[in-house]
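As a plain string of letters, each chain reads:
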Protein chains: 2
Amino acid sequence: MENKVLIFGHRNPDTDTICSSIVATKLADYLGYDAEAVRLGKLNKETEYVFKYLGIEPQREISTVEEGQKIILVDHNEASQSVEGREGAEIIAVIDHHRIADFATTSPLYYIAKPYGCTATVLFELYKQHNVEIDKETAMLMLSAIISDTLLLKSPTCTEKDALALKQLEKIAKIDANKYGIDMLKAGTDISSFTAKEVIDMDAKLFSEKGKKFVVAQVNTADIDDVFSRKEDISFAMEKEIADKELDFFLFVITDIVNTNSKVIALGEDKDIIENAFKKELDEEDSMLLEGVVSRKKQIVPPILDNL
Amino acid sequence: MENKVLIFGHRNPDTDTICSSIVATKLADYLGYDAEAVRLGKLNKETEYVFKYLGIEPQREISTVEEGQKIILVDHNEASQSVEGREGAEIIAVIDHHRIADFATTSPLYYIAKPYGCTATVLFELYKQHNVEIDKETAMLMLSAIISDTLLLKSPTCTEKDALALKQLEKIAKIDANKYGIDMLKAGTDISSFTAKEVIDMDAKLFSEKGKKFVVAQVNTADIDDVFSRKEDISFAMEKEIADKELDFFLFVITDIVNTNSKVIALGEDKDIIENAFKKELDEEDSMLLEGVVSRKKQIVPPILDNL
């Protein structure tokens with residue numbers, strides 16, 4: 001077992017999960033914990049852009065934790081999105097902005113969740129509360145996470161608090177958040193070098209709810225047609241995932257971050273759940289366009305859960 | 001459905017649950033919610049003492065909530081300890097100091113839990129963070145809750161933060177917390193006017209864990225023998241509860257708040273779980289003395305859960 005408290009976000013890490021785990025570690029250190037930020041997977045292209053911009057190296061990757069390991073979770077709480085071996089670990093804190101599900105402890109803990117657009121905004125407030133100085137690098141990490149999760153404040157998950165935090169962080173970081181943000185988001189949409197399997201794994205979340213097991217994977221793009229041109233390979237990779245993980249359905253969401261629409265591909269035995277959730281039929285390509293839909297958490301997962 | 005946000009603590013309300021629901025309502029009002037403190041049961045004698053001292057009336061009692069009702073939970077999260085109909089309600093916030101179990105939502109929410117001795121201490125920090133003035137009555141409600149949950153800072157659940165809050169609240173309330181606290185705790189131990197059924201219901205928590213259903217009820221006293229003299233009636237009431245609720249076992253804990261010990265009575269098919277949990281045999285009266293044990297949350301429930 002490692003002596004340090006390990007701090008990490010969800011599997012298939014995105015920019016919020018990676019940046020918030022580092023930001024949380026700085027705060028934990030300040031509060032007297034001996035903490036280390038780790039990650040449960042490879043950095044995506046968007047996060048790589050952030051790290052390259054800041055000239056810093058990604059934290060160490062882990063896949064399991066040992067019995068009794070002290071851990072702090074950021075940006076997730078559900079077991080299926082977390083580290084292997086978590087049931088034997090001691091969760092001392094959770095800092096999150098998601099619904100709570102499939103999460104239980106035997107002891108009291110710190111659990112700070114707020115219905116904001118981004119975990120980094122919750123952390124921004126914690127820094128303020130504890131009067132911890134936000135240095136330039138920390139500000140850039142928080143700012144990148146907020147831009148990523150809120151699509152530059154355009155996502156319906158974005159709250160006043162996210163916008164307020166971004167405004168203050170922009171000043172500390174002395175940067176044009178809009179310009180930096182567009183470059184960062186665009187860097188994240190370049191999937192040309194990825195295989196179809198990598199594309200569907202990139203930001204995939206596995207759910208087990210009401211006896212149904214399913215994945216909702218999302219990819220951001222500046223050009224939906226560009227991604228959709230690879231539909232055949234993507235569908236093949238999805239079908240394989242459905243067979244391997246015994247999924248009831250797999251929803252792949254291609255989100256146009258410029259025009260804020262999404263085109264989805266739904267496969268699997270229970271793909272009619274998607275038709276019921278969005279009150280729209282899948283076309284002959286198992287696809288449908290969802291106008292104005294960009295948020296998995298706020299616009300995609302809730303109607304699915306209501307129609308299981 | 002009621003338009004106001006309803007704020008309440010657990011069933012079989014204790015002083016922390018009752019006082020924290022009122023304190024949380026004042027904070028919620030300040031933050032722009034239209035909130036009302038309610039309760040899920042009758043006040044105990046200790047809380048009655050607090051209300052009489054302050055010259056205030058207890059909040060309205062409810063037992064169920066309607067579909068879509070907005071609610072805020074304090075001092076609990078587990079479904080079995082909460083309001084009837086909760087599954088259809090919208091939980092907008094939880095402020096707590098317990099482990100998390102049997103709790104799930106479909107949307108993000110505010111969840112502020114800290115491993116402190118008392119919910120009121122979590123609320124004390126929230127008041128500070130939001131720069132909300134703590135008036136004299138609010139200070140007395142917080143102080144009463146802290147004294148109750150930490151047995152005047154003597155319980156092992158008590159943290160530095162509870163002690164720090166109590167010290168500051170004592171100044172605001174301009175009161176001798178020790179003198180007031182002993183009187184308050186003693187008022188809570190007078191069970192002479194209660195039937196055995198009322199005594200075991202007074203502060204009973206129902207658990208459903210790993211296929212086992214059980215109750216851990218607790219009563220505070222300044223004289224264990226005095227309570228134990230009613231053992232026959234208490235056992236009879238416990239047996240009835242076991243039959244009615246199909247419990248695997250029922251643990252009744254008589255806690256001496258002066259000498260900080262507990263004598264327990266264990267009944268039911270699986271009462272050997274108690275023997276395993278505390279590595280001690282029940283005597284011919286189905287009883288055992290637990291030296292230095294006063295906290296259900298920290299010293300009683302965890303070893304039981306580990307031995308289910």
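Quantities reported herein were computed from a predicted structural model and do not represent experimental measurements.

Thresholds, definitions, all that
- Residues numbered from 1 in each chain as written.
- Chains lettered and ligands numbered in written order.
- Predicted model: local features only at pLDDT ≥ 70, side-chain atom pairs only at ≥ 80, totals over all residues.
- Heavy atoms only, no water.
- Domains from an automatic or database assignment.
- Contact = heavy atoms within 4.5 Å.
- Buried area = accessible area lost by both parts, 1.4 Å probe.
- Salt bridge = Lys/Arg side-chain N within 4 Å of Asp/Glu carboxyl O.
- Polar contact = N/O pair within 3.5 Å; in protein donor to acceptor, adjacent residues only side chain to side chain.
- Disulfide = S-S within 2.5 Å.
- Helix = DSSP H or I, 4+ residues; strand = E, 2+ residues; numbered from the N terminus.
- Buried < 20%, exposed > 50% of the residue type's maximum accessible area, 1.4 Å probe, protein only.
- Pairing = 2+ DSSP bridges.
- Axes fitted to C-alpha atoms, helices over the stretch in contact; angles between N-to-C directions.

Looking at this structure, I do not really get the domain arrangement of chain A. What am I missing?
Interfaces are often sized by the amount of accessible area the parts lose when they come together. Residues and elements named next belong to chain A. Here chain A is partitioned into domain 1 (5-186) and domain 2 (196-306). Each of domain 1 and domain 2 has a C-alpha centre, and the two are 25 Å apart. Opposite the 16 residues of domain 1 that make contact, domain 2 presents 19 residues. Taking both sides of the interface into account, the surface hidden between domain 1 and domain 2 amounts to around 1,600 Å²; carbon and sulfur atoms contribute 54%. Summed over the three residues of domain 1 that lose the most area to domain 2, namely Asn12, Arg99 and Leu151, the buried surface amounts to 31% of that side. Between domain 1 and domain 2 we count 1 salt bridge in total. Taking the shortest distance from any N to any O, the salt bridge between Arg99 and Glu209 comes out at 3.2 Å. Across the contact surface, domain 1 and domain 2 share 4 residue pairs in polar contact (both at pLDDT 80 or more).

Please clarify how the state of the cysteines should be interpreted in this entry.
Put plainly, a disulfide is one covalent bond tying together the sulfur atoms of two cysteines. Scanning the model with the defined rule gives 0 disulfides over all chains in all. Here Cys158 of chain A stays free of any disulfide, with the sulfur of Cys118 of chain A as its closest cysteine sulfur at 9.4 Å. Here Cys19 of chain B is not cross-linked by a disulfide; its sulfur's nearest cysteine counterpart is in Cys118 of chain B, at 8.6 Å.

Can you help me understand the pattern of salt bridges in this one?
Should the charged atoms of two oppositely charged side chains come close, the side chains can pair. Counted by the stated rule, this structure contains 34 salt bridges over all chains. Between Asp244 of chain B and Lys240 of chain B there is a salt bridge whose closest N-O contact spans 2.7 Å. You can see Asp244 of chain B and its partner Lys240 of chain B sitting in helix H9 (residues 231-245), 4 residues apart, about one turn around the helix. With relative accessibility at 48%, the residue Lys240 of chain B sits in the partly exposed group. Overlapping salt bridges bring together Lys197, Asp201, Glu241 and Lys245 of chain A as one network.

I would appreciate a short explanation of the sheet that holds strand S4 (residues 70-74) of chain A in the present structure.
Strand pairing in a sheet takes place through backbone hydrogen bonds and is either antiparallel or parallel in direction. If you trace the 12 strands from one edge of the open sheet to the other, you get S3(A)-S2(A)-S1(A)-S4(A)-S5(A)-S6(A)-S6(B)-S5(B)-S4(B)-S1(B)-S2(B)-S3(B), paired in mixed fashion. The open sheet terminates on both sides in strands that have one partner only, identified here as strand S3 (60-61) of chain A together with strand S3 (60-61) of chain B. As defined by bridge partners, S4 of chain A adjoins strand S5 (residues 90-96) of chain A across 5 bridges and the pair is classed as parallel. Bridging across to S5 of chain A, Ile71 of chain A finds its partner in Ile91 of chain A. Packing against the sheet, helix H3 (residues 119-129) of chain A makes contact with S4, S5 and strand S6 (110-113) of chain A, and its axis sits at approximately 100° to S5 of chain A. Sitting on the sheet, helix H3 (residues 119-129) of chain B is in contact with strand S4 (70-74), strand S5 (90-96) and strand S6 (110-113) of chain B, with an inclination near 100° to S5 of chain B.

Even after reading the chapter, I still don't get the interface of chain B and chain A, so can you show me in this structure?
Across the contact, 22 residues belong to chain B and 22 residues belong to chain A. Interface of chain B and chain A: buried area, both sides summed, is about 2,000 Å²; carbon and sulfur atoms make up 65% of it. Here chain B is connected to chain A by 0 salt bridges. Connecting chain B to chain A are 5 residue pairs in polar contact (both at pLDDT 80 or more).

What is the right way to read the pairing of S4 of chain B from this model?
For a regular strand, side chains alternate in direction, first toward one face of the sheet and then toward the other. Residues and elements named next belong to chain B. The buried fraction of S4 is high, at 4 of 5 residues. Here strand S1 (residues 5-8) pairs with S4 via 3 bridges, running parallel. Bridge assignment links Leu6 to a residue of S4, and that residue is Ile71.

What exactly am I supposed to notice about the sheet that holds strand S7 (residues 204-209) of chain A here?
All names here are of chain A. With respect to topology, 5 strands assemble into an open sheet ordered S7-S8-S9-S10-S11, the strand pairing being mixed. The open sheet has two free edges, formed respectively by S7 and strand S11 (287-290), since each of these has just one partner strand. Sheet twist, expressed as the mean angle between neighbouring strand axes with direction ignored, is 20°. Packing of helix H9 (residues 231-245) onto the sheet brings it into contact with strand S8 (212-221), strand S9 (249-256) and strand S10 (261-267), and relative to S10 it is tilted by some 50°.

Hey, could you run me through helix H11 (residues 296-306) of chain A in this one?
An α-helix turns once every 3.6 residues. As a result, residues three or four positions apart point the same way. All names here are of chain A. Of all the positions in H11, only Arg296, Ile300, Val301, Pro302, Pro303, Ile304 and Leu305 are classed as buried. Lining the buried residues of H11 we find S7, S8, S9 and helix H10 (272-278). Measuring from the side-chain oxygen of the N-cap residue of H11 to the backbone nitrogen of Lys297 gives 3.4 Å; that N-cap residue is Ser295.

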